[in-house]
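Architecture at a glance
Single-letter residue listing:
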Amino acid sequence: MSTIRKDLEAREHEWLAAQAAKSDASRGRLRPEPEDPIRPAFQRDRDRIVHCKAFRRLKHKTQVFFSPAGDHYRTRLTHTLEVSQIARTVTKVLRLHEELTEAIALGHDLGHTPFGHAGERVLRQLIPGGFNHYEQSLRIVDRLENDGRGLNLTWEVRDGIAKHSKGKRGAPVGATDANRSTALEGQVARVADIIAYVNHDIDDALRAGLLAESDLPTGPIDLLGRTTSERIGRLVTDVVEQTLAAGLDQVRMGDGVLEALLGLRAFLFDTVYENSDATSEFHKASGILGGLWEKVHAKPEAFLDQQIVDDEGVDVAARDFLAGMTDRYAVGLYEQLFIPKPWVELG
Ligand code: MG
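My aim in this report is to walk through the structure given alongside it, one point at a time. (Residues numbered from 1 in each chain as written. Predicted model: local features only at pLDDT ≥ 70, side-chain atom pairs only at ≥ 80, totals over all residues. Heavy atoms only, no water.)

**Description of the packing of aromatic side chains**
To keep it simple, the criterion reads: Each pair of aromatic rings taken from Phe, Tyr and Trp, with Trp reduced to its six-membered ring, is defined by centres within 6.5 Å and is described as stacked if the planes are under 30 degrees apart, edge-to-face if over 60, and tilted in the remaining cases. Relative accessible area decides the class of each residue, using a 1.4 Å probe on protein chains only: under 20% of the type maximum gives buried, over 50% gives exposed, and in between gives partly exposed. Only when the NZ of Lys or the CZ of Arg is both within 6 Å of the ring centre and within 35 degrees of the ring normal is a charge said to sit over the ring.
Counted by the stated rule, this structure contains 5 aromatic pairs. Centroid distance Phe321 to Tyr329: 6.2 Å. Interplanar angle 85°. Geometry classified as edge-to-face. Residue Tyr329 is classed as partly exposed on the basis of its relative accessible area of 42%. These aromatic residues form a ring-pair network of at least three members: Tyr197, Phe269 and Tyr273. Sitting above the plane of the Trp155 ring, Arg27 keeps its charged end 3.8 Å from the centroid. Over the ring of Phe338 we find Lys295, and its NZ or CZ is 5.0 Å from the ring centre.

Structural data, given as structure tokens:
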């Protein structure tokens, strides 16, 4: 019997490139479940991510600038939306699966800590075994959301989320097999992430007065363009052209454009992510998260998920609790636990 969903799945085979992922060829979910009557699998995953609590918390998580005073700085949520937009542009032109890319892009940073890079570095030091936001993103969708049942996403979305991260030196394209998403759509999300953050972090650093236009490295700027819009356009066009020219075997960039992009990333690490002002924020994040880590260990029953404590121990439950916090939740809880309330005299 024909259904609406099956019609949409059939259309994917007619319209998308042979190399694109197809909803009806998914490797499936962690737990098998009946298909939706109208939405193919990847579209359903995209919707599950948009409706989950961790997605809403992204709006109060720092991207780079700590508790920004201005309304125009990126948050983790607006970063996520910019990644999604760039990834969808590339995906559409390459005739890949737009909703699969979108699901991966919208889910890729769900596991990010409060206080941006500073928060991630603090948790990495605090937690035995370290911390990686992409592992935490996967844990959120597999286990923590939906009252401990997880979102039960498809293998392709989970694979893309697990392999989006490049860190300080990882390659946005041409990663090793172990680090490269099997689906091209995941590879697109990976490159869209760096195209988005390198450009919006330059924009925010200029807005904050941390950088001046004249500080930007001339080689990459000459090649990619002077404005955010020019640079994103140049990078996206290069990804599309290079990937098409190689017959869609994997997502690619030209050597010169890739080098310029990596040059801007290295410049941002030196001047913004790891500079002295960022270090002062690091100390604040370290104090708050370190204090909360001790408090929840001293009294786990008051703060932590008992099921996770029983199954996986206090450190894992504390990691999930702290990593899931928004900046303002962490600051609020810290104030409640550590700052004495002023005595108010009545009458
Ligand atoms: Mg990201």
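So much for the structure itself; the text now carries on.
**Section: the environment of Trp293**
Filter applied, for reference: Labels follow the DSSP assignment, with helices taken as runs of H or I lasting at least four residues and strands as runs of E lasting at least two, numbered in each case from the N terminus. By the convention used here, residues are in contact when the closest approach between their heavy atoms is within 4.5 Å.
Mapped onto the elements of the fold, Trp293 is located in helix H13 (residues 276-298). In contact with Trp293, other than residues within four places in its own chain, are Leu126, Ile127, Pro128, Asp315, Ala318, Arg319 and Leu322.

**With respect to helix H1 (residues 4-15)**
Keep this limit in mind: By this rule the span expected of a helix is its residue count minus one, scaled by 1.5 Å. Regarding the arc, it is the one traced by the directions from the helix axis to the C-beta atoms.
Between its first and last C-alpha, H1 extends 17 Å over 12 residues, near the 16 Å set by a 1.5 Å rise per residue. Taken as a whole, H1 has its buried residues at Arg5, Glu9 and Glu12. All buried residues of H1 fall inside an arc of 50° around its axis, so they share one side. Away from the buried face of H1 by more than 90 degrees, exposed residues Ile4, Arg11, Glu14 and Trp15 are located.

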